[in-house]
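Okay, here's what each chain looks like letter by letter:
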Amino acid sequence: MEVLEEYGNDALARVFVAQMRREDPRSVVEFVESVQPPLSREEKWVIIVSSMFGCPIGCTMCDAGGNYAGPLTSQEILAQIDECVVRRYPDHRVPSRKFKVQFSRMGEPSLNPAVLEALRALPERFDAPGLIVSLSTTAPARAHGFFERLLRIKEEMYRDGRFQLQFSIHTTDLERRRTLIPAQTWTFEQMAEYGERFFEPRHGDRKVVLNFAPLIDHPIDPSKLKEHFDPGTFIVKLTPLNPTIRSMDHGMGSVLQHGRPETYKELVNALNEMGYEVIVSLGAEEENRIGSNCGQYVQRMLSEGRRPKDAYDVQRYRGQM
Ligand code: SF4
């Protein structure tokens, strides 16, 4: 693996763009390490890795879609984590109280079985008592076998709240969800049924997350959600729409805005009334600027030969600021 570019800073987040295979210029991924002030790195350290070169799903708000060039091997997935760990902790001892590894950057992780191998290898790889893993998925229907194996790995290796599963929902309007995520995915019933099996309170499991990046003209109906998802098993997370090039191309607007609680208060109240615990994950504005919590625009820039310094530069470049 060769790191081609780095963006960001140590105080918040750093994005790495790396070529994984010497002979293959398309084998480019990005991965991220970040902290969440005011927490120190010793309290919480987050690494976000890619599992594919591009992504075959092609969500309309995500720059990883298109240019799909195949899955990473488990060694290539682990190499991203190694790179972050060894830079800071060459002895492989990660002292962070929460050391969170997220499978949520480029690629739909459930379509790559190597993710399961990486999950199996991870606990032994470092001396990291704070290890927690998180996997975000659109729940493709054809990944049924992956999810069955994932369930077993969680039960065997990630008890006591060390696994967080997140379904990307975004809207309760099924037609619009299909436009946003142009793939055959599990129905809400299937997600709910799997979530019920996944969440075992007696093992100290975390509740399954239903993630929404609320978008203008994409309704979220809490009562519809409640028809399928039990608040005893599922929590709701609201995140702002990432500042990707594709989302700008599609004229997609985020309902959630930094520093404007009125943009999400009503929705949070309605979800609370249905019994859901709600996490509003706005992050820091600078984090968006660096790109640590946004879609894969660095990859897109590389593929188009554009390398503006950060998201604001991308927007200026495109005359949209
Ligand atoms: S949001 Fe996830 S599943 Fe959708 S195109 Fe991006 S990486 Fe793939």
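Up top you'll find the structure we're talking about.
Since the structure is predicted, the reported quantities are computational estimates derived from the model, not experimental observations.

**Q** Account for helix α2 (residues 114-125), naming residues and giving values.
**A** Because each turn of an α-helix spans 3.6 residues, side chains separated by three or four positions in sequence point in the same direction. The end-to-end C-alpha distance of α2 is 16 Å, a good match for the 16 Å that twelve residues give at a rise of 1.5 Å each. Three or more residues of α2 are buried, namely Ala 114, Val 115, Leu 116, Ala 118, Leu 119 and Leu 122. Of the surrounding secondary structure, the elements contacted by the buried residues of α2 are α1 (74-88), β5 (98-103), β6 (131-137), α3 (144-157) and β7 (163-168).

**Q** Explain the environment of Ser 136 to me, using residue names and the numbers behind them.
**A** Position of Ser 136 relative to the elements: it lies in strand β6. Here the alpha-carbon distance between Ser 136 and Asn 211, two residues 75 residues apart in the chain, equals 8.7 Å. Not counting the four nearest positions on each side in its chain, Ser 136 is found in contact with Phe 103, Ser 104, Glu 108, Pro 109 and Gln 166.

**Q** Any details on unusual backbone geometry? Residues and values, ideally.
**A** Of the consecutive residues Pro 37 and Pro 38, the connecting peptide bond is found in the cis state with omega at 10°. Inspection of the secondary structure puts Pro 38 in the loop between β3 (28-34) and β4 (44-49). In the Ramachandran plot, His 92 falls in the positive-phi region, its phi being about 65° despite a non-glycine side chain. Considering the arrangement of structural elements, one finds His 92 in the loop between α1 and β5. Not every positive phi belongs to a glycine, and Ala 139 is a case in point at roughly 65°. For Ala 139, the position within the fold is in the loop between β6 and α3.

**Q** Which residues make up the packing of α3 against helix α5 (residues 188-198), and what values go with them?
**A** Across the interface, α3 lies against α5 with an axial gap of 11 Å and an inter-helix angle of 20°. In terms of orientation, α3 and α5 fall into the roughly parallel class. Of the two elements, α3 crosses α5, and the hand of that crossing is right-handed. Between α3, through Phe 147, Glu 148, Leu 150, Leu 151 and Lys 154, and α5, the contact on the second element is made entirely by Tyr 194, Arg 197 and Phe 198. In the contact of α3 with α5, the residues fall into five nonpolar, no polar and three charged.

Rules and cut-offs
- Residues numbered from 1 in each chain as written.
- Predicted model: local features only at pLDDT ≥ 70, side-chain atom pairs only at ≥ 80, totals over all residues.
- Heavy atoms only, no water.
- Helix = DSSP H or I, 4+ residues; strand = E, 2+ residues; numbered from the N terminus.
- Expected span 1.5 Å × (residues − 1).
- Buried < 20%, exposed > 50% of the residue type's maximum accessible area, 1.4 Å probe, protein only.
- Contact = heavy atoms within 4.5 Å.
- Axes fitted to C-alpha atoms, helices over the stretch in contact; angles between N-to-C directions.
- Parallel < 35°, antiparallel > 145°, perpendicular 65-115°, else oblique.
- Left-handed = near helix turned anticlockwise from the far one by under 90°.
- Nonpolar A, V, L, I, M, F, W, Y, C, P; charged D, E, K, R; others polar.

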